[in-house]
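# A look at the structure
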Amino acid sequence: MFRVDPVTGNRTVVSGAGVGTGTNFSKISGIAVEASGDILVLDGELLALFRVDAITGDRTVVSSSTVGTGVNFSKPKALAVELTGSVLIVDETLKAVVRVDPVSGDRTIVSDSTTGAGIVFNKPRGAGVVGLRAGICGDGTLDAGEQCDDGNTIPGDCCSATCTIEAAGTVCRASTG
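Quantities reported herein were computed from a predicted structural model and do not represent experimental measurements. (Residues numbered from 1 in each chain as written. Predicted model: local features only at pLDDT ≥ 70, side-chain atom pairs only at ≥ 80, totals over all residues. Heavy atoms only, no water.)

Tracing the chain through its elements places Asp-91 in strand β8 (residues 87-91). For the buried residue Asp-91, which engages in no salt bridge, the nearest side chain bearing the opposite charge is Lys-75, 8.6 Å off. A distance of 3.0 Å separates a polar side-chain atom of Asp-91 from the backbone nitrogen of Lys-75. Setting aside chain neighbours within four positions, we find Asp-91 in contact with Phe-73, Ser-74, Lys-75, Pro-76, Ala-96 and Pro-124. (Helix = DSSP H or I, 4+ residues; strand = E, 2+ residues; numbered from the N terminus. Buried < 20%, exposed > 50% of the residue type's maximum accessible area, 1.4 Å probe, protein only. Lys, Arg positive; Asp, Glu negative; His and termini not counted. Salt bridge = Lys/Arg side-chain N within 4 Å of Asp/Glu carboxyl O. Polar contact = N/O pair within 3.5 Å; in protein donor to acceptor, adjacent residues only side chain to side chain. Contact = heavy atoms within 4.5 Å.)

What follows is the structure, encoded as structure tokens:
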């Protein structure tokens with residue numbers, strides 16, 4: 001696995017070929033980056049999900065037939081990291097989306113021909129996560145975790161600078177409709 005500098009085009013080995021310790025990759029079928037900066041690598045031949053330390057290149061198995069419980073990978077094709085940190089794996093032979101716990105390696109079917117509704121996967125090959133947008137206090141949109149959002153972060157107008165309702169007794173400005 002290597003890193004390409006988008007400006008110069010130079011390539012640097014991140015893991016493998018003498019860089020890092022752990023089981024060598026056989027056939028990489030997907031790569032994603034965790035919030036921590038560690039790299040997740042899906043190996044379609046070894047049927048395993050690896051975590052790669054972005055600094056040392058060390059490889060550890062996160063999930064495989066011997067690490068974690070649940071359905072085993074059959075022909076994993078792609079992965080994506082959810083906002084929660086869990087990993088979604090698309091498996092072509094299982095015709096399923098499998099959630100992997102990034103700590104235990106446990107695998108759970110999220111969607112297949114018997115779990116969930118809608119069209120049945122034919123040959124799923126890609127993965128992506130569409131998440132909820134991060135709440136931004138003061139943007140005028142009431143997001144999860146906000147009690148109010150009046151479009152500004154100015155206190156004294158019943159909605160505080162942290163998007164919480166201000167204390168009783170606060171004189172609120174008139175509604176603008």
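Cysteine pairs can be covalently joined through their sulfur atoms, and such a bond is termed a disulfide. For the coordinates displayed, the defined rule picks out 1 disulfide. Paired by a disulfide, Cys-148 and Cys-159 hold their sulfur atoms 2.1 Å apart. Looking down the S-S bond of the Cys-148 and Cys-159 bridge, the torsion is 95 degrees, so its handedness is right-handed. Of this pair, Cys-148 sits in the segment after β10 (107-111) while Cys-159 is found in the segment after β10, placing the two residues 11 residues apart along the sequence. Given the relative accessible area of 4%, Cys-159 is considered buried. (Disulfide = S-S within 2.5 Å.)

So, about the sheet that holds strand β5 (residues 48-52). With antiparallel pairing, 4 strands are arranged side by side in an open sheet as β3-β4-β5-β6. In this open sheet, the two edge strands, each paired with only one partner strand, are β3 (28-33) and β6 (59-63). Put simply, the sheet's adjacent strands are angled 30 degrees from each other on average, direction ignored. In the sheet, β5 pairs with β6 via 4 bridges, with the strands oriented antiparallel. Residue pairing for β6: Phe-50 is matched across the bridge by Val-61. (Pairing = 2+ DSSP bridges. Axes fitted to C-alpha atoms, helices over the stretch in contact; angles between N-to-C directions.)

Looking at the secondary structure, you find Ala-80 in strand β7 (residues 76-81). Separated by 47 residues in sequence, Ala-80 and Val-33 have C-alpha atoms that sit 8.6 Å apart.

Here we take up the sheet that holds β8. The strand order β7-β8-β9-β10 describes an open sheet built from 4 strands, whose pairing is antiparallel. With one partner strand each, in any of the chains shown, β7 and β10 form the two edges of the open sheet. Between one strand axis and the next, the sheet turns by 30 degrees as a mean value, whatever way the strands run. Across 4 bridges, strand β9 (residues 96-100) lies against β10 in antiparallel orientation. Residue pairing across strands places Arg-99 opposite Thr-108, the latter belonging to β10.

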